[in-house]
Amino acid sequence: LALESELRRALERNEFIVYYQPQLDVHSGEITGMEALLRWNHPEHGLVPPDRFIPIAEDSGLILPIGAWVLRAACAQARTWRDSGLLDVQMAVNLSARQFDQQDLPELVASVIDGTGLPPDRLELELTESLVMRDPERSSETLSRCKALGLKIAVDDFGTGYSSLAYLRRFPIDRLKIDRSFIKDVVDEPDDAAIAQTIIAMAHSLRLTVVAEGVEDEAQLRLLQRWDCDIYQGFLSSRPQPADAITSLLLGMK
Ligand code: G
Ligand code: G
Ligand code: NA
Ligand code: MN
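The name given to the protein chain in an unreviewed UniProt entry is PAS domain S-box protein, and the organism recorded there is Parazoarcus communis SWub3 = DSM 12120.

A.B. asks: Hey, could you run me through the overall build of the protein chain in this one?
C.D. replies: A tally of helices and strands in the protein chain yields 12 helices and 10 strands. A globule of 254 residues ought to have a C-alpha radius of gyration of about 18 Å, and the protein chain, at 18 Å, matches this closely. Each principal axis of the C-alpha distribution contributes one length, and for the protein chain these read about 50 × 45 × 35 Å. The buried share among the 254 residues of the protein chain stands at 38%. Summarising the internal contacts of the protein chain: among those between residues at least 6 apart in sequence, 64% fall at separations of at least 24.

A.B. asks: Is there a simple way to think about the site of ligand 2 in this case?
C.D. replies: Taken together, 14 residues sit near ligand 2, with Gly214, Glu216, Gly234, Phe235 and Pro240 positioned nearest. For the shell around ligand 2, the per-class residue count stands at four nonpolar, five polar and five charged.

A.B. asks: Any chance you could explain the nonpolar core here in plain terms?
C.D. replies: The nonpolar side chains of soluble globular proteins are, as a tendency, buried together. With 67 residues, the main nonpolar core has Ala36, Ile178, Val210 and Tyr232 as its most contacted residues. Not counting the four nearest positions on each side in its chain, Val210 is found in contact with Leu176, Ile178, Ile199, Ile200, Ala203, Cys229 and Asp230.

A.B. asks: How do you make sense of the site of ligand 1 when you look at a structure like this?
C.D. replies: The environment of ligand 1 is made up of Leu37, Leu38, Pro49, Pro50, Asp51, Ile54, Gly67, Val70, Asn94, Leu95, Ser96 and Pro240. Mapped onto the shell around ligand 1, the elements with two or more residues apiece are β2 (31-42), α2 (50-60) and α3 (63-83). The element contributing the most residues to the shell around ligand 1 is α2, with three residues. Residue composition of the shell around ligand 1, by class: eight nonpolar, three polar and one charged.

A.B. asks: I would appreciate a short explanation of α3 in the present structure.
C.D. replies: Given 3.6 residues per helical turn, the α-helix brings residues three or four places apart onto the same face. For α3, built from 21 residues, the straight-helix expectation of 30 Å at 1.5 Å per residue is met to within 8% by its first-to-last C-alpha distance of 29 Å. All of the buried residues along α3 are Ile63, Ile66, Gly67, Val70, Leu71, Ala74, Cys75, Gln77, Ala78 and Trp81. For α3, the angular spread of the buried residues around the axis is 160°, confining them to a single face. Where α3 ends, the next residue or the one after it, Gly85, has phi of about 80°, a positive value.

A.B. asks: Which parts of the structure should I look at to understand the environment of Ser5?
C.D. replies: With respect to the helices and strands, the residue Ser5 is situated in helix α1 (residues 2-12). Under the C-beta neighbour-count criterion, Ser5 is labelled exposed, with 11 such atoms within 10 Å. When the C-alpha positions of Ser5 and Asp25 are compared, they lie 42 Å apart, and in sequence the two are 20 residues distant.

About the thresholds
- Residues numbered from 1 in each chain as written.
- Chains lettered and ligands numbered in written order.
- Predicted model: local features only at pLDDT ≥ 70, side-chain atom pairs only at ≥ 80, totals over all residues.
- Helix = DSSP H or I, 4+ residues; strand = E, 2+ residues; numbered from the N terminus.
- Rg over C-alpha atoms; globule rule 2.2 N^0.38 Å.
- Buried ≥ 20, exposed ≤ 12 C-beta atoms within 10 Å, placed from the backbone.
- Contact = placed C-beta atoms within 7 Å.
- Near = placed C-beta within 6 Å.
- Nonpolar A, V, L, I, M, F, W, Y, C, P; charged D, E, K, R; others polar.
- Core = buried A, V, L, I, M, F, W, Y, C linked by C-beta atoms within 7 Å.
- Expected span 1.5 Å × (residues − 1).
- Arc of directions from axis to C-beta.

Below, the structure is given as structure tokens:
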């Protein structure tokens, strides 16, 4: 309960901050997107990672105002980068279960898109595989209503939820993110390599793009190139960083 009231205060006091992690084309190395990742800049404890407070925010319902804040902040930042001519790519924002269950989610997203002036196709919503599969009928309907706004849908942590790709394809999704647990040992574990390679091939045959998460070294990247994965994300390229640091990075690339 203490943490819950602290979270409520954190929102009022503007203690949340969005970090951004670039997503890159596996072959060209070009930045093709950014993932928005929430942090809490606690006045005493410093930077608090999301696993430490999102579950409490989720249980208390505070994830709704917090999530709306993240969505607005990330879209506004994407618009700023776009207007400055520094970067015009997709901004990926994570949604939790409570947000996905929100009846008026499409209206909220529409109001953020309108309010920030970000072109709708520059926004991507990330939902975990297990969340999408929890209530397939309902998910399908919610996803369709969101897609009608013109945005993109990515299925996060793919491979951990035991759903078949063929089944998942019935949903209006654009992209799969291979969970980083498969990428971690992809060089040394033949089973993980087989899984990753199979996900990539099957996703492509279903016209989905594939993002590999948690890429930390060159050997992993070389395999992803060989298997023709589309996009990667991970410490090899960049850790999640505040907007200012990303802006410097982009300026340095000009
Ligand atoms: O940034 P980090 O790797 O520590 O993120 C840990 C977990 O928190 C990931 O599962 C990520 O999807 C989740 N997460 C990060 N930012 C957000 C957010 O804004 N909303 C939600 N619902 N989850 C987030
Ligand atoms: O569940 P989700 O995919 O949203 O989680 C993203 C999380 O993965 C973030 O907390 C981010 O900090 C973390 N992350 C991003 N790149 C890497 C990486 O290369 N290695 C590891 N171990 N974690 C990463
Ligand atoms: Na994610
Ligand atoms: Mn993930």
